[in-house]
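A closer look at the structure
Given next are the chains, with one letter for each unit.
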Amino acid sequence: MNRRYRYIIILVFQITLFGNLYSQERIEDYEDICYCSVGILHPASILKLDNNLEILVSLKKGKTLKELDSLNISYNKSQIILLQTSNLIKRKGSKYYSLIPILNEQESNKLRKQTNGYAKEIVGLIENEYSDFAQILKSKGFESNTFTIFFSYVLDEIVWEIFEERKITKELQTSKKEPYWNGVMWMIYPKRDFSCGTNFMYTDNSYIGVNWSDNSKIDFTSYNLLYDLLSEYDSLGMIKTDTIIKEFKDNKIFDENGVLHIPIIKSNNMDNIYAHSYKIASIIADYIDKKIDYNQIQKDYLLKDKNQSVIILYHEIMWDILDVMIDKEVLVLPIAFGKPDKSKKEDLKDLIFIIEE
C-alpha cells in the first residue's frame, strides 16, 4: 500500500453570531471540517482573518456585493480577492457564492437521517467479514484494539485509499492552480456527541496510527518520541533507547525486553488482519460509490459535485456505522473513550497500531 499524504483537520471556531442567518444557531457551535492537503495556507486560517467567515456564510446561496452592503456586512476588495484565489468563494455573473457547504440544523438532521439509513445497510453487508476480523484480533490478543483498528485503519484509512485508487474521490494534492489548499471543507451543525480521529506518523517503511478523542484523558508528552519509537522498531525490531522506554513504560506498549505489544499489520494479503480489513473497506467503498443518488444529494445540500458529496456523506456515515455497531453491541468503545474516568495509562496501547508497508 502506498503512503498517502492526507490531512484531516477538525477545527471549531469561536466566532460571534452575526445577523439572523441561523436563527438560534450560533456559528461557534458549528463543526468546521477540512479533508484536505495544505500548501500556502490552511483554509481555516484564511477564514479567521478579519470577517472572512461572515462574508463566506453570507454567500451560502449567492449575493452581489450590493446585497452584502445592504446587510451591513463590511468587506474590502482584497478580502474578496483572497477568498476567490483560495477557492473559498466563486463569482458567477454579478453574484458571489460560497464554495464551502454550510449545513444548518434542519439540513444536517435530514442528511444524518439518510446517512444513518445507509450505515444500517452497510453494517448488514459487512457483518460476516467484521465477525471474522474481530475474531482474528481476539485470537492474537488484540481484542481491546478492535475499535481502533476498525475505525482508524479500516474506516478512516483504507476506505479513503480505495476512493482515491478507484477515482471515486480526487487525489489530495496542491498545485499551481490550487496553491493554498486542496480538498473539501464544510461546516455542519450540530456537532455530534462523540467523535474521534487518527494521527499518523510515517517512516520510509511503516507508519504508526494513534486513535484520539476529546473524551480521552490519556496522553503522552512527546509525539517526537513516538516517531523515534517507530524508527527504532523499523531498524531493530524492538525498543532499546532509554528515553523512549522512560516515556512509554507506564503505557505498557512494549514489555521489559522492548518487544512491542500493539498490533503490527503488514500491508499484504498474507496478513489476515489486513486481508479482512481490506475486504470490509471494499464492501463499504462499493456501497458508497454505487448505492447513493449523488445527483439528488447535490441538489438537496447545494454540493458542487460527486467528489464533494462523497467526502461529506462518508464522513457522516463513518460515525453512523460506529453508532449502529455500538448499539448492536458488536463494537465497544475503548476504555479511554467510553469510560475515561476509569482509564489508566496502559490503556493507551488500545489506541495505537503500526502498519508495515
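Look a little higher up for the structure.
Here's what I pulled together on the structure shown here. Everything numeric here is computed off the predicted structure, so don't read it as measured data. (Residues numbered from 1 in each chain as written. Predicted model: local features only at pLDDT ≥ 70, side-chain atom pairs only at ≥ 80, totals over all residues. Heavy atoms only, no water.)

1. Considerations on the pattern of salt bridges
All chains considered together, the criterion is met by 13 salt bridges. Of the charged contacts in the structure, one is a salt bridge between Arg192 and Asp323, with a shortest N-O distance of 3.6 Å. With Arg192 in the loop between strand S6 (181-188) and strand S7 (197-202) and Asp323 in helix H11 (residues 306-327), this residue pair connects regions lying 131 residues apart in the sequence. The class for Arg192 is buried, based on a relative accessible area of 18%. For Asp289, the salt bridge goes to Lys306, with nearest N and O atoms at 2.6 Å. One end of the pair, Asp289, is in helix H9 (residues 272-290); the other, Lys306, is in helix H11, with 17 residues separating them in the sequence. (Salt bridge = Lys/Arg side-chain N within 4 Å of Asp/Glu carboxyl O. Helix = DSSP H or I, 4+ residues; strand = E, 2+ residues; numbered from the N terminus. Buried < 20%, exposed > 50% of the residue type's maximum accessible area, 1.4 Å probe, protein only.)

2. A few points about the pairing of strand S3 (residues 89-92)
Sheet topology note: the S3/strand S4 (residues 95-98) ladder contains 4 bridges and is antiparallel. Across the sheet, Lys90 pairs through a bridge with Tyr97, a residue of S4. Linking two consecutive strands that pair antiparallel, namely S3 and S4, is a turn of 2 residues; a positive phi of about 70° is found at Gly93 within it. (Pairing = 2+ DSSP bridges.)

3. Considering H11
The α-helix advances 3.6 residues per turn, and as a result positions three or four apart in sequence lie on the same side. With 22 residues, H11 should reach 32 Å at 1.5 Å per residue; the first-to-last C-alpha distance of 30 Å fits that figure. A large share of H11 lies buried, amounting to 18 of its 22 residues. Two to three positions downstream of the cap, the backbone nitrogen of Asn307 sits 3.3 Å from a side-chain oxygen, assigning the N-cap of H11 to Asp305. Positive phi appears at Glu329, one or two residues downstream of H11, with a value of about 60°. (Expected span 1.5 Å × (residues − 1). Polar contact = N/O pair within 3.5 Å; in protein donor to acceptor, adjacent residues only side chain to side chain.)

4. Things to note about the packing of aromatic side chains
For the structure on display, the rule yields 20 aromatic pairs. Note on Trp160 and Tyr314: the rings are 5.1 Å apart at their centroids and 80° apart in plane angle, and the pair reads as edge-to-face. Here Tyr314 lies in helix H11 and Trp160 lies in helix H6 (residues 146-165), a separation of 154 residues in the sequence. Residue classification places Trp160 among the buried positions, given a relative accessible area of 1%. Ring plane angle 35° and centroid distance 6.4 Å describe the contact between Phe200 and Tyr202, whose orientation is recorded as tilted. (Phe/Tyr/Trp six-rings, centres within 6.5 Å; stacked < 30°, edge-to-face > 60°.)

5. A word on the environment of Lys339
Mapped onto the elements of the fold, Lys339 is located in the loop between helix H12 (335-338) and strand S10 (352-356). By relative accessible area, which is 52% here, Lys339 ends up exposed. In this structure, the C-alpha to C-alpha distance between Lys339 and His261, residues 78 residues apart in sequence, is 22 Å.

6. Points about the side chain of Asp320
Assignment of secondary structure puts Asp320 in helix H11. Contact partners of Asp320, with chain neighbours within four places excluded, come to Arg112, Thr115, Asn116, Ala119 and Arg192. (Contact = heavy atoms within 4.5 Å.)

7. Some thoughts on the packing of H6 against H9
Put simply, H6 and H9 touch, their axes get as near as 8 Å, and they point 60° apart. Classified by the interaxial angle, the pair formed by H6 and H9 is oblique. As H6 packs across H9, the resulting crossing turns out to be right-handed. Contacts between H6 and H9 involve Ile149, Phe150, Tyr153, Val154, Leu155, Ile158, Val159, Ile162, Phe163 and Glu165 from the first element and Ile273, Tyr274, Ser277, Tyr278, Ile280, Ala281, Ser282, Ile284, Ala285 and Ile288 from the second. Looking at the contact of H6 with H9 residue by residue, the class counts come to 17 nonpolar, 2 polar and 1 charged. (Axes fitted to C-alpha atoms, helices over the stretch in contact; angles between N-to-C directions. Parallel < 35°, antiparallel > 145°, perpendicular 65-115°, else oblique. Left-handed = near helix turned anticlockwise from the far one by under 90°. Nonpolar A, V, L, I, M, F, W, Y, C, P; charged D, E, K, R; others polar.)

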